[in-house]
Amino acid sequence: MMAIYHLSAKIFSRGNNHSAVAAAAYRSGEKLHDRRQDKTLDYTRKQRVHYAEIIVPEHAPEWAADRETLWNNVEAAEKRKDAQVAREIEVALPRELTGDAHALLVRDFVQNELVARGMVADISIHESIARDGETNPHAHILLTTREISGSGFGKKKREWNSVDTLKNWRERWADYSNRYLTEANTNTRIDHRSLEAQGVDRQPTKHLGKEATAIEKRQQLSNRGNNLRRAEHGNNLQAHKKRLQQPTKQPQRNDPEAPITPKTWRNSKRQEITYNKTKKPFGNQAAGQQSQQGLRSWINKQAVAVARIAGQARALAERAVNAKMALIRKYTRTQPGQSKTGDRERE
């Protein structure tokens, strides 16, 4: 069984009016002060933040483990108006794993694949509600774009932006997830390859995203939402066509355990005619006798059932008549000093 795979990466840039401090506050659900903009960002009311942690390299200074200090220093290290201040990797977490397993999976991947390269990683695990009504566990991994050392941030690592690096991260995430799914004794797996590479005849779907989700919640249609609905509709039609093309399973001939009904008796009769392949309209004599015996047996069972229902109906009718007669006797009973017709006795 294949689970949904999702890993995407994006860059936070001042050219797009992004702030690393604001991004960290929103994802962690905390209250942080942005010194560059002199603005306090309070997301402590944000719900469904199940886990938040900062993972730093061994040689990083102590202040790197403090969320507000870390991301303010990240902003201070950049001078350009269009500087890239942070990178984010968003991953979908398998529903088959528990919350503790989600945290261990993300920490294992981040420590070995990201922090080992010299990045500082700020992890936040959210659990929202998916479009199908089930939970949607996912993780936001906010990363520094500069390598950190004991003295602070150094130069930017441009190779972290390469396509090959992203492909490697996608493959490694699938490997880590499948390893944890195997340890959880589940048959579910994920695959980072495209549907075409997997040999799956299905239209690919694209993650709805934050902006499109907000538009859809306002009962409005978004372009990404329309594309997603078209793809899902096409996949549903294609799956329905495949089900129609599959051969239907025929009942076995002369199944002694199958209940005898008029429909099953007629089907068995047709199968016997086809199976015998004779010019006789009802097959051989033995098959005809067997079918007649089955029909007689079914008729006897139905007759017994009808008789039982008729008896119950008669009993209910008798009860109703008796109850009615009792009411009549009660209210027409002769009162003292009155005749049967209700007139007073004449002297």
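Here the structure is a predicted model, which means the values were calculated and not measured.

A. Highlighting the side chain of Glu75. As for its position among the elements, Glu75 is in helix H2 (residues 67-76). At a separation of 3.2 Å, a polar atom in the side chain of Glu75 contacts the side chain of Arg36. Excluding anything up to four places from it in sequence, Glu75 contacts Arg14, Ser19, Ala20, Val21, Arg36 and Val85.

B. Fine view of the environment of Pro61. Within the secondary structure, Pro61 sits in the loop between strand E4 (49-55) and H2. Residues Pro61 and Ser149 lie 88 residues apart in sequence; the distance between their C-alpha atoms is 7.3 Å.

C. Spotlight on the pattern of salt bridges. On inspection of all chains with the given rule, the structure shows 15 salt bridges. For Glu113, the salt bridge is made with Arg172, and the minimal N-O distance between the two is 3.2 Å. Of this pair, Glu113 sits in helix H3 (residues 99-113) while Arg172 sits in helix H4 (residues 163-183), placing them 59 residues apart in sequence. Residue classification places Glu113 among the buried residues on the basis of a relative accessible area of 11%. A relative accessible area of 29% means that Arg172 is categorised as partly exposed. Arg193 is paired through a salt bridge with Asp191; the nearest N and O atoms lie 2.7 Å apart. The class of Arg193 is partly exposed, set by a relative accessible area of 42%. With relative accessibility at 17%, the residue Asp191 sits in the buried group.

D. Expanded view of unusual backbone geometry. Unusually for a residue other than glycine, Asn17 sits at a positive phi of about 65°. The topology assignment puts Asn17 in the loop between strand E1 (7-13) and helix H1 (20-28). The phi dihedral of Arg48 is positive, around 65°, even though this residue is not glycine. With respect to the helices and strands, Arg48 occurs in the loop between strand E3 (39-42) and E4.

E. Quick look at the packing of aromatic side chains. For the structure shown, the criterion picks out four aromatic pairs. Ring geometry for Phe109 against Trp173: centres 5.2 Å apart, planes inclined by 75°, an arrangement best described as edge-to-face. Remark: Trp173 occurs in helix H4 and Phe109 occurs in helix H3; sequence separation between them is 64 residues. Seen from their ring centres, Phe109 and Tyr176 are 5.8 Å apart, and the 80° between their planes marks the pair as edge-to-face. Here Tyr176 lies in helix H4 and Phe109 lies in helix H3, a separation of 67 residues in the sequence. A single burial state applies to Phe109 and to Tyr176, both of which are buried. Ring pairing ties together the aromatic residues Phe109, Trp173 and Tyr176, which thus form one cluster.

Rules and cut-offs
Residues numbered from 1 in each chain as written. Predicted model: local features only at pLDDT ≥ 70, side-chain atom pairs only at ≥ 80, totals over all residues. Heavy atoms only, no water. Helix = DSSP H or I, 4+ residues; strand = E, 2+ residues; numbered from the N terminus. Polar contact = N/O pair within 3.5 Å; in protein donor to acceptor, adjacent residues only side chain to side chain. Contact = heavy atoms within 4.5 Å. Salt bridge = Lys/Arg side-chain N within 4 Å of Asp/Glu carboxyl O. Buried < 20%, exposed > 50% of the residue type's maximum accessible area, 1.4 Å probe, protein only. Phe/Tyr/Trp six-rings, centres within 6.5 Å; stacked < 30°, edge-to-face > 60°.

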